[in-house]
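Here is what each chain is made of, one letter per residue.
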Amino acid sequence: MTEKIKALLQEVEAFKAETHEQLEAFRVKMLSKKGLIPALFQDFKSVEPAMRKEIGQQLNELKNFATDKLNQIREQLEHTTGSIQNQDIPDLSMPADQYPLGARHPLSVTRNRINGIFEKIGFVISEGPEMEDDWHNFSALNFPEEHPARDMQDTFFIGKNPDLALRTHTSSVQVRVMESQKPPIRTISPGRVFRNEAISARAHCIFHQVEGLYIDKGVSFADMRQTLLYFAREMFGEKTQIRLRPSFFPFTEPSAEMDVSCSICGGPGCPVCKYTGWLEIMGCGMVDPNVLENCGIDSKTYSGYAFGMGIERIAMLLFQVKDLRMFFENDLRFLRQFKAAL
Ligand code: PHE
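Residues numbered from 1 in each chain as written. Predicted model: local features only at pLDDT ≥ 70, side-chain atom pairs only at ≥ 80, totals over all residues. Heavy atoms only, no water.

For the rest of this paragraph, the subject is the site of the ligand. Residues in contact with the ligand amount to 13 residues; listed here are only the nearest, His169, Ser171, Arg195, Gln209 and Glu211. Gln209 places a side-chain nitrogen or oxygen 2.8 Å from an oxygen atom of the ligand. In this structure, Glu211 approaches the ligand through a side-chain N or O atom, which is 2.7 Å from a nitrogen atom. About the coverage of the ligand: the protein hides 89% of its 330 Å² of free accessible area. Of all elements in the fold, only strand 6 (206-216), strand 9 (278-287) and strand 10 (303-310) reach the threshold of two or more residues within the shell around the ligand. Looking at side-chain class alone, the shell around the ligand contains five nonpolar, six polar and two charged residues. (Near = heavy atom within 4 Å. Polar contact = N/O pair within 3.5 Å; in protein donor to acceptor, adjacent residues only side chain to side chain. Areas by Shrake-Rupley, 256 points an atom, 1.4 Å probe, with all protein chains shown as cover. Helix = DSSP H or I, 4+ residues; strand = E, 2+ residues; numbered from the N terminus. Nonpolar A, V, L, I, M, F, W, Y, C, P; charged D, E, K, R; others polar.)

Quick look at the structure:
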């Protein structure tokens, strides 16, 4: 018995492990229920009484020694390999992952350019709510009661309330500015607008506008024309020509539609300008005196002009996009093409 105990003591003493698996195998061999050391405790039952004390002591020492040794090796393994590997600590000397830079949405690029062009000549940006009441979207802007734009066909009303709708243009913001500020007023209002239109390559029920307003003493149609010519040249190039065609809006008198010379063919005609050499880009006109009065501005002292354009339309011309729906689909293959545009 003493021989066996000695042999096991030596084996435990000599044991080394490099992995948790080796350590576990050794523990099973020595200390598990069917292991060698518990087997010795079984044999101990047949030891004659005179020897029991001594052998019992040796056995307990062997068991304690083996248990301590295994614990010690386990601790070492955890320090050097196991737990650290498991936590998967990164190599801090590696170069960092490269995150690809995104691109601004083409509508944001276009809006920022339009804003920048007007900001350069003193216009400030104003914003307003997307949900509007009848007064700010229609009545203050001189829309007659029976005007078709108020019709359910065009306007998204909110619930059953006839006084609450999604704004159909950002002229509503300009009403708010005129009501709360005194002239001179020089402002542009970029924003999202809503109209109940069938979605196609040229129209959407949600789109974006930038509208502008300038009110002061003695503002004339010629001032408007010159400002819009400056805008067109900044936007589409210095050779750009503009043309104003008579039109109608309830809130301006006289009113006009503005065309720019085709930035794609430069004049002779192409499919984009439908072989006319001209592209329509905005509505404009002198603010109707009724609108000024509705907003608390004396129309005998002050006059002004207003204009409004669709950002999608400008972006389509700028980037030669043929289908307006692409701006809303958020297909990354489309959006990634605007990385270079700022
Ligand atoms: N509010 C008009 C529209 O949404 C655009 C416009 C603004 C026309 C200002 C004239 C003057 O179509």
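Spatial ordering of the open sheet is given by 2-4-3, a layout of three strands whose pairing is antiparallel. The sheet is open, and its two edges are formed by strand 2 (131-133) and strand 3 (157-158), each paired on a single side. Here strand 2 pairs with strand 4 (residues 161-166) via three bridges, running antiparallel. Bridged to Met131 within strand 4 is Leu166. (Pairing = 2+ DSSP bridges.)

What follows is about helix 3 (residues 36-44). When we look at burial in helix 3, the residues that qualify are Ile37, Leu40 and Phe44. Down the axis of helix 3, the smallest arc covering the buried residues is 50°, so these residues share one side. Contacts from the buried residues of helix 3 go to helix 1 (2-14), helix 2 (20-31) and helix 4 (49-80). (Buried < 20%, exposed > 50% of the residue type's maximum accessible area, 1.4 Å probe, protein only. Arc of directions from axis to C-beta. Contact = heavy atoms within 4.5 Å.)

Of all the ten residues making up strand 5 (residues 185-194), eight are buried; the element is thus mostly covered by neighbouring parts of the structure. Pairing analysis gives ten bridges linking strand 5 to strand 6, with the strands arranged antiparallel. Across the sheet, the residue bridging to Phe194 is Ile206, located in strand 6.

So, on to the side chain of His105. Along the polypeptide, His105 turns up in the loop between helix 5 (82-87) and helix 6 (106-119). One polar contact links the side chain of His105 to the main-chain carbonyl oxygen of Phe327, over a distance of 2.9 Å. Not counting residues up to four positions away in its chain, the partners in contact with His105 are Phe327, Asn330 and Leu335.

Counting through the fold element by element, Pro289 comes out in helix 10 (residues 289-294). Accessibility expressed as a relative area gives 42% for Pro289, which makes it partly exposed. As a C-alpha pair, Pro289 and Tyr302 span 13 residues in sequence and 8.9 Å in three-dimensional space.

Ordered by their spatial adjacency, seven strands build an open sheet running 1-5-6-10-9-8-7, and the pairing between neighbours is mixed. The sheet is open, and its two borders are formed by strand 1 (124-125) and strand 7 (242-249), each paired with just one other strand. The pairing of strand 8 (residues 252-261) with strand 9 spans eight bridges and is antiparallel. Residue Met258 lies in a different strand from strand 9, and its bridge partner there is Met282. Across the sheet, helix 9 (residues 221-236) lies against strand 7, strand 8, strand 9 and strand 10, angled at about 150° from strand 9, the strand it touches most. (Axes fitted to C-alpha atoms, helices over the stretch in contact; angles between N-to-C directions.)

What follows is about the nonpolar core. Within the largest apolar cluster, 42 residues are counted, with the highest numbers of intra-cluster contacts made by Ile114, Phe231, Ile281 and Phe307. Counting residues per element, this core draws most heavily on helix 9, which supplies seven residues. If near-sequence neighbours (up to four positions away) are discounted, Phe231 is found in contact with Ile114, Ile117, Phe118, Ile281, Met282 and Met309. In terms of nonpolar packing, the next biggest core, distinct from the first, is built from 20 residues, Phe138, Ala140, Leu141 and Phe143 among them. (Core = buried A, V, L, I, M, F, W, Y, C linked by side-chain atoms within 4.5 Å.)

Let's shift gears to the domain arrangement of the protein chain. For the protein chain, the domain assignment lists domain 1 (2-83) and domain 2 (106-233 + 302-338). Its C-alpha centre places domain 1 at a distance of 85 Å from the equivalent point of domain 2. (Domains from an automatic or database assignment.)

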